[in-house]
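Chain by chain, the residues:
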Amino acid sequence: MRTTELVDGFRQSTPYVNAHRGKTFVVMLGGEAIDQSGCRSIINDIALLTSLGIKIVLVFGARPQFNAALEQVGITSQFHNEIRVTDNETFDVIKKVAGAMQFDITARLSTSLSSTPMSGSFLNVVSGNFVIAQPLGVDEGVDYHHSGRVRRIDVAGIRHQLNNNGIVLLGPIAASVTGESFNLTAEEIATQVALKLRADKMLGFCQEAGILDENGEAIAELMPNEAEHVLANYRNQPDSCLSATVFLQAAIDACRGGVHRCHLVSYKEDGALLQELFSLDGIGTQIAPQSSEQLRSASISDITGIINLIRPLEEQGYLVRRSREQLEIEIEQFTVIERDGVIIACAALYPFADEQVGEFASLAVHPQYRDADRGSFLLRFIINKAKRAGYSHLFALTTRSIHWFLEQSFELVTVDELPAKKKALYNYERRSKVLRLDLTKLSKNR
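Here goes a summary of the coordinates provided.

Criteria and cut-off values
Residues numbered from 1 in each chain as written. Predicted model: local features only at pLDDT ≥ 70, side-chain atom pairs only at ≥ 80, totals over all residues. Heavy atoms only, no water. Pairing = 2+ DSSP bridges. Helix = DSSP H or I, 4+ residues; strand = E, 2+ residues; numbered from the N terminus. Contact = heavy atoms within 4.5 Å. Axes fitted to C-alpha atoms, helices over the stretch in contact; angles between N-to-C directions. Phe/Tyr/Trp six-rings, centres within 6.5 Å; stacked < 30°, edge-to-face > 60°. Buried < 20%, exposed > 50% of the residue type's maximum accessible area, 1.4 Å probe, protein only. Lys NZ or Arg CZ within 6 Å of the ring centre and 35° of its normal. Polar contact = N/O pair within 3.5 Å; in protein donor to acceptor, adjacent residues only side chain to side chain. Parallel < 35°, antiparallel > 145°, perpendicular 65-115°, else oblique. Left-handed = near helix turned anticlockwise from the far one by under 90°. Nonpolar A, V, L, I, M, F, W, Y, C, P; charged D, E, K, R; others polar. Salt bridge = Lys/Arg side-chain N within 4 Å of Asp/Glu carboxyl O.

**Some words on the sheet that holds strand S10 (residues 166-170)**
Now for step 1: The mixed open sheet is built from eight strands, whose spatial order is S5-S10-S2-S1-S13-S15-S16-S14. Single-partner strands in this sheet number two, and they are strand S5 (124-126) and strand S14 (221-222).
Now for step 2: With respect to the sheet, helix H7 (residues 186-197) is in contact with strand S1 (24-29), strand S2 (55-60), S10 and strand S13 (201-206), its orientation differing from that of S1 by roughly 175°.

Below is the structure:
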């Protein structure tokens, strides 16, 4: 590179260096990228971001490495709904592979020889139980065994390490509150961490230079709705598009949950990550969020949108079925979250004014928008509404979401604790659990 090109490059990147300093980025490094010879350069570039004052959480995947290791020992993985069934034999192999990869990546991030880009530097790479998992359980008679999903993220712990200039390294194996460990997907971990940390960016890698148009050129920017249309086409593409497909779905979820920008670049293009972040035009595809959401009281025109949200949950047994006519009568009890003209979440507060209590009911969030605690947001709104009405308690009935309510400070109580009118309507065949929240204690402690 000529001197003028070097100087011009520095000058053009300066605004982006200043803009990114102090920001939090979640980087998803899939197993396909790790398999490439250029992975060492990618890891060096990730380390370089830290030296520029960017807070990095690096989440690595290992799907191809798992497949290769299992094939080597003669184990054929079973899949259900495109999810690996991780039995004990499979999990023994997977844990060994994931552990080895974690040590290898840590070692690469620790490189500081004079011949390397990170000469003279020292990065503190931290791994730990920042992700708490829970089992997927049994679906349609299929036991997923050690396949799991994210239950909770230790946001405070991660932020503490980031604020101490550490890189937080997370792999696809996570522990549970019962002392077990589970196999999770890197894309779910990356998305959940980005959402819980309220990260400024989520970054990922694929084989091509981002998402390509019909002419083979990288699409510079996509909105989530546009990305959904692209995703539908990518699902029919060969396995070489898997990295793009996986990240695109994660990016859609992350953007809709509040992550400002997601970027997809090629793991084959040397320096693609730096070019995307520190140049005017970028080099990959950026997924950007759509317009903001509106929380408001429901109106009669929202009936169809509410029905579309709650019907699937009613059919699955999560909610008690309500007719359209009943919803029309009760519409004033509902609060909704609207996004781009679409109802994406709802909840209701049913009054029992004689006993100064209210019922929190009909909580439903669109499946594509469940990763940003909108349920908790609606609950807080309902709590404040109930307190303004002078209610002393809020109660809820549920058959499937007991733990969620317990995490929101509800307590299990007996049917006898229900308001008299609600107790008279209690369905003993359904056997819903009754949970109650003391609003008077909340008013003192919050």
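Further notes follow.
**Structural notes on the packing of aromatic side chains**
Now for step 1: Summed over the entire model, instances satisfying the criterion amount to six aromatic pairs.
Now for step 2: Judged by centre distance (5.6 Å) and plane angle (50°), the rings of phenylalanine 352 and phenylalanine 395 are tilted. Of this pair, phenylalanine 352 sits in strand S19 (residues 342-352) while phenylalanine 395 is found in strand S21 (residues 393-398), placing the two residues 43 residues apart along the sequence.
Now for step 3: Taking relative accessible area as the criterion, phenylalanine 352 reaches 16% and is therefore assigned buried.
Now for step 4: Geometrically, the ring pair formed by tyrosine 426 and tyrosine 428 is edge-to-face, given 4.7 Å between the ring centres and 75° between the ring planes.
Now for step 5: According to the relative accessible area criterion, tyrosine 428 is exposed, its value standing at 54%.
Now for step 6: Taken together, the aromatic side chains of Phe360, Trp404, Phe405 and Phe410 make up a single cluster linked through ring pairs.
Now for step 7: The ring centre of tyrosine 318 lies 4.8 Å from the NZ or CZ of arginine 400, which sits over that ring.

**Description of the sheet that holds strand S12 (residues 181-183)**
Now for step 1: In space, the four strands of this open sheet follow the order S9-S6-S11-S12, with mixed pairing throughout. At either margin of the open sheet sits one strand with a lone partner, and together these are strand S9 (148-153) and S12. Taking the axes of each pair of neighbouring strands and ignoring which way they run, one obtains an average angle of 50° across the sheet.
Now for step 2: As paired strands, strand S11 (residues 173-176) and S12 are joined by three bridges and run antiparallel to one another. Within the sheet, the bridge partner assigned to alanine 174 lies in S12 and is phenylalanine 182.

**With respect to the side chain of threonine 285**
Now for step 1: For threonine 285, the location among the structural elements is in strand S16 (residues 285-287).
Now for step 2: Looking at threonine 285, its side chain comes within polar contact range of the main-chain nitrogen of isoleucine 211, at 2.8 Å.
Now for step 3: With residues up to four places along the chain from it excluded, the contact list for threonine 285 reads Ala209, Gly210, Ile211, Ile219, Ala220, Leu222, Cys262, His263, Leu264 and Glu276.

**Some words on the packing of helix H4 (residues 63-72) against helix H5 (residues 88-109)**
Now for step 1: The contact between H4 and H5 brings their axes to 9 Å, and the two run at 130°. Judged on the interaxial angle alone, H5 and H4 are oblique. Note on packing geometry: the crossing formed by H4 with H5 is right-handed. In this structure, H4 uses Gln65, Phe66, Ala69 and Leu70 to contact H5, whose residues at the interface are Thr90, Val93, Ile94, Val97, Ala98 and Met101.
Now for step 2: Tallied by class, residues from the contact of H4 with H5 come to eight nonpolar, two polar and no charged.

**Overview of the packing of H7 against helix H9 (residues 242-257)**
Now for step 1: It is at 10 Å that the axes of H7 and H9 come closest, and there the two elements cross at 20°. Viewed along their axes, H7 and H9 adopt a mutual orientation that is roughly parallel. Here H7 runs over H9; the crossing is right-handed. Residues Glu187, Thr191 and Leu195 of H7 form the contact with H9, whose own contacting residues are Val246, Ala250, Asp253, Ala254 and Gly257.
Now for step 2: Here the residues of the contact of H7 with H9 sort into four nonpolar, two polar and two charged.

**Comments concerning the pattern of salt bridges**
Now for step 1: Per the counting criterion, the structure on display carries twelve salt bridges.
Now for step 2: For glutamate 407, the salt bridge goes to arginine 151, with nearest N and O atoms at 2.7 Å. Here the residue glutamate 407 occupies a position in helix H14 (residues 402-407), and arginine 151 occupies one in strand S9, the gap between them amounting to 256 residues.
Now for step 3: Using a relative accessible area of 27% as the deciding quantity, one classes arginine 151 as partly exposed.
Now for step 4: When salt bridges with common partners are traced through the structure, they connect Arg296, Asp302 and Glu338 into a single cluster.

Such coordinate-based values are descriptive only and should not be taken to indicate function.
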